[in-house]
Amino acid sequence: MCASNGIPNVPRVVGAKSPDSSRYVRRWAFLVVAFLAWPHILSAKDADFTDFLRETGSQTHAVASDKDATAFFLKTFGSSLELPKRLPQRGQLPSIPNKITQHMSLFTANLATWHLANDLLTALDHGETAMIQSILDSRQQQFEWLKQSQPDLPDTLALVRAIAQLQPPEPLTQPLSPHYPLFTQFLHEQYPDWVGTENSWLTLAQTEGAAGVRKRLREAWDRQPARDGRHEKPLQGDPAPSINRFLRQSFLPIITASVQATLLQLHVRNEQQAWRQWQAIQKWSEDQKNEKGLRRLCGTWQWLIHNHQNHSDHKTVMVYPPPSQYYRMDPQPATIRVQGDTVYIRWEFPRGIVQEESLLLSEKDQLLSGTFVNNLGPNGNITGRRVKPCRE
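Note that the structure is a prediction, hence the values are computed from the model and not measured.

Visitor: In this structure, what is going on with unusual backbone geometry? I would like to understand it.
Guide: Glycine aside, residues mostly have negative phi, and peptide bonds are mostly found in the trans state. The omega torsion of the bond from aspartate 330 to proline 331 falls at 0 degrees, within 30 degrees of zero and hence cis. On the secondary structure map, proline 331 appears in the loop between strand S4 (312-320) and strand S5 (335-339). Positioned with a positive phi, histidine 311 is a non-glycine residue whose angle comes to about 55 degrees. Its place among the elements puts histidine 311 in the loop between strand S3 (299-307) and S4.

Set out below in structure tokens:
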């Protein structure tokens, strides 16, 4: 499998229905997201990996621990990688090293986060408050596990929850206060920062949630005096219409755009990390298959080599040790791969001499036959018979 070099579907920004403010926020968000995500997307390998993640991660919602993650991986991918489909029971020898089970756990965490980001992006894109709330409420145990590998996830989820809880009623049927322009002016003067400071709106939403945002808005309404000529008096009337209008037209579009940009980066980042974990697991699986094949080759062989260039035969004894002892061979093959019954061996000798052998195991691994070729021109047949079994 390969990683994605295609661009994921970039979601629309949702929030206020005020055409001007929302449109500018969308354009700003898309530029920021494209700038941040594009280098990662360009470094990916193949769009097939995105489809692979989308098709295989739908059951990750219930994964909430490293043990769950490894069990999920083995059940879902074990057969394709020729791995056991479940964890070994107590008393059995584990066939998978801890390093590889860690790769499996991290891959599943990346996969779960990838799907979480995708689900939240879809819900935000459609303004589905109930869907957002359902995702947040149903995966609490998983979030506790994911934050071990995704330390920035809690802040992002806090903002998503605030967005869901701050959605004002629709449509806005209450009459708008004539003091609304003064109210918004006061807010922009008192709280000019949206991000980047301790007093910013985004920090407030992260740390105090929807209740903190509404509290600030209500306190601002109560503090803002209404100017009537030379006299000042407190703002009169119900503050709810003005607060809801500010949420819909200013707060929600900007915060939603920021969250969507973060989720898209999270989405791309976890795809890249999942690709690296998947590659490490695949390499280990291929090495395991090759080691299993090398054990079939292990032993002492009597070789008969026929050279087509001069029609001569040469007999030799080849000793193949167990895979863990290949370093003892002299000379040592530069490459030796066993896939099924096929054996490929590449030798690299002094003065640039290279020889490649393509062989086939048969007769219950007692016969090895095939051809060789080297860069000096000679080529011919090889026939080998096992004369001694492998000694571990």
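Visitor: I'm lost on the packing of helix H2 (residues 48-56) against helix H10 (residues 240-297) in this one. Help?
Guide: Pairs of packed helices are described in terms of their axes, by the angle between the two and the distance that separates them. For the pair H2 and H10, the least separation of the axes is 11 Å and the interaxial angle reads 90 degrees. Judged by the inter-axis angle, H2 sits roughly perpendicular to H10. Only Glu271, Ala274, Trp275 and Trp278 of H10 make contact with H2, whose side of the interface consists of Phe49, Thr50, Phe52 and Leu53. In the contact of H2 with H10, the residues fall into six nonpolar, one polar and one charged.

Visitor: Sorry, what's going on with the state of the cysteines here?
Guide: Note on terminology: disulfide describes a covalent bond linking the sulfur atoms of two cysteines. Across all of its chains, the model carries one disulfide by this definition. Residue cysteine 298 pairs covalently with cysteine 390 via a disulfide, S to S 1.8 Å. Across the S-S bond linking cysteine 298 and cysteine 390, the dihedral sits near 65 degrees, which makes this disulfide right-handed. Of this pair, cysteine 298 sits in the loop between H10 and S3 while cysteine 390 sits in the segment after strand S9 (379-388), and the two are 92 residues apart along the sequence. Of the residues examined, cysteine 298 reaches a relative accessible area of 2% and is grouped as buried.

Visitor: Please clarify how the side chain of glutamine 277 should be interpreted in this entry.
Guide: When you line up the elements, glutamine 277 lands in helix H10. The residues touching glutamine 277, leaving out its near neighbours within four places in the chain, are His103, Leu106, Phe107 and Asn110.

Visitor: Even after reading the chapter, I still don't get the nonpolar core, so can you show me in this structure?
Guide: Generally speaking, soluble globular proteins have nonpolar side chains that are buried together. Counting 67 residues, the largest nonpolar core has Phe107, Phe183, Trp201, Val213, Leu217, Phe246 and Phe251 as the members making the most contacts within it. By residue number, the principal contributor to this core is H10, which donates 14 residues. Each residue touching valine 213, except ones within four places of it in the same chain, is listed here: Leu166, Trp201, Leu204, Ala205, Leu247 and Phe251. Core analysis: the next-biggest nonpolar cluster, separate from the first, contains 19 residues, Trp303, Val338, Leu359 and Phe372 among them.

Visitor: So what exactly am I meant to see when it comes to the layout of surface pockets here?
Guide: One way to see where empty space is left: roll a probe the size of a water molecule over the atoms. Of the voids in this model, the largest pocket is the one considered here, and its volume is about 360 Å³. Along its surface, the largest pocket is lined by 20 residues, and Ile305, Thr316, Met318, Phe349 and Glu357 are the ones closest to its centre. Listed by contribution, the elements that provide at least two residues to the lining of the largest pocket are S3, S4, strand S6 (342-349), strand S7 (353-362) and strand S8 (367-374). A total of seven residues in the lining of the largest pocket trace back to one element, the largest contributor, which is S4. Looking at the lining of the largest pocket residue by residue, the class counts come to eleven nonpolar, six polar and three charged.

Visitor: How do you make sense of the pattern of salt bridges when you look at a structure like this?
Guide: Any two side chains of opposite charge can pair, on the condition that their charged atoms come close. Taken as a whole and judged by the stated rule, the model has 14 salt bridges. Across the salt bridge formed by arginine 139 and aspartate 119, the nearest N and O atoms sit 2.9 Å from each other. Of this pair, arginine 139 sits in the loop between helix H5 (129-138) and helix H6 (140-146) while aspartate 119 sits in helix H4 (residues 98-126), and the two are 20 residues apart along the sequence. You can call arginine 139 buried: its relative accessible area is 5%. Of the charged contacts, one joins arginine 385 and glutamate 363 as a salt bridge, the two residues approaching to 3.5 Å between their closest N and O atoms. Here the residue arginine 385 occupies a position in strand S9, and glutamate 363 occupies one in the loop between S7 and S8, the gap between them amounting to 22 residues. The network of salt bridges with shared partners includes Arg296, Asp341 and Asp365.

Visitor: Sorry, what's going on with the packing of helix H3 (residues 66-77) against H4 here?
Guide: The N-to-C vectors of H3 and H4 enclose an angle of 90 degrees; their axes lie 8 Å apart at closest approach. Relative to H4, H3 is oriented roughly perpendicular. Along its contact with H3, which presents Asp66, Ala69, Thr70, Phe72, Phe73, Leu74 and Phe77, the element H4 presents Thr101, Met104, Ser105, Phe107, Thr108 and Leu111.

Visitor: Hey, could you run me through H2 in this one?
Guide: Residue pairs three or four apart in sequence face the same way in an α-helix, which turns once every 3.6 residues. Restricting attention to buried positions, one finds in H2 the residues Phe49, Thr50, Phe52, Leu53 and Thr56. Buried positions in H2, seen along its axis, are confined to an arc of 160 degrees and lie on one side of it. Contacts made by the buried residues of H2 are with H3, H4 and H10.

Visitor: Please clarify how the packing of aromatic side chains should be interpreted in this entry.
Guide: Two descriptors summarise a pair of aromatic rings, namely the distance from one centre to the other and the angle between the planes of the rings. Throughout the structure, instances matching the rule amount to 20 aromatic pairs. An angle of 50 degrees between the planes, with centres 4.9 Å apart, marks the rings of phenylalanine 73 and phenylalanine 77 as tilted. Taken together, the positions of phenylalanine 73 and phenylalanine 77, both in helix H3 and four residues apart, correspond to about one turn of that helix. Classification of phenylalanine 77 by relative accessible area gives buried; the value is 3%. When the centroid spacing of 6.5 Å and the interplanar angle of 15 degrees are considered together, the rings of tryptophan 194 and phenylalanine 246 count as stacked. Residue tryptophan 194 is located in the loop between helix H8 (180-190) and helix H9 (201-223), and its partner phenylalanine 246 is located in helix H10; the two are separated by 52 residues in the primary sequence. You'll find tryptophan 194 and phenylalanine 246 in the same group, each marked buried. Three or more aromatic residues joined by ring pairs form one cluster here, namely Phe49, Phe52, Phe72, Phe73, Phe77, Phe107, Trp275 and Trp278. In this structure, arginine 216 packs its charged tip against the face of tryptophan 201, placed 4.7 Å from the ring centre.

What counts as what
Residues numbered from 1 in each chain as written. Predicted model: local features only at pLDDT ≥ 70, side-chain atom pairs only at ≥ 80, totals over all residues. Heavy atoms only, no water. Helix = DSSP H or I, 4+ residues; strand = E, 2+ residues; numbered from the N terminus. Axes fitted to C-alpha atoms, helices over the stretch in contact; angles between N-to-C directions. Parallel < 35°, antiparallel > 145°, perpendicular 65-115°, else oblique. Contact = heavy atoms within 4.5 Å. Nonpolar A, V, L, I, M, F, W, Y, C, P; charged D, E, K, R; others polar. Disulfide = S-S within 2.5 Å. Buried < 20%, exposed > 50% of the residue type's maximum accessible area, 1.4 Å probe, protein only. Core = buried A, V, L, I, M, F, W, Y, C linked by side-chain atoms within 4.5 Å. 1 Å grid on protein atoms, 1.4 Å probe; cavity = no way out; pocket = protein on both sides within 12 Å on 5 of 7 lines; lining within 4 Å. Points joined across faces, edges and corners; volume = space filled by probe spheres on them. Salt bridge = Lys/Arg side-chain N within 4 Å of Asp/Glu carboxyl O. Arc of directions from axis to C-beta. Phe/Tyr/Trp six-rings, centres within 6.5 Å; stacked < 30°, edge-to-face > 60°. Lys NZ or Arg CZ within 6 Å of the ring centre and 35° of its normal.

By themselves, these figures tell us nothing about what the structure is for.
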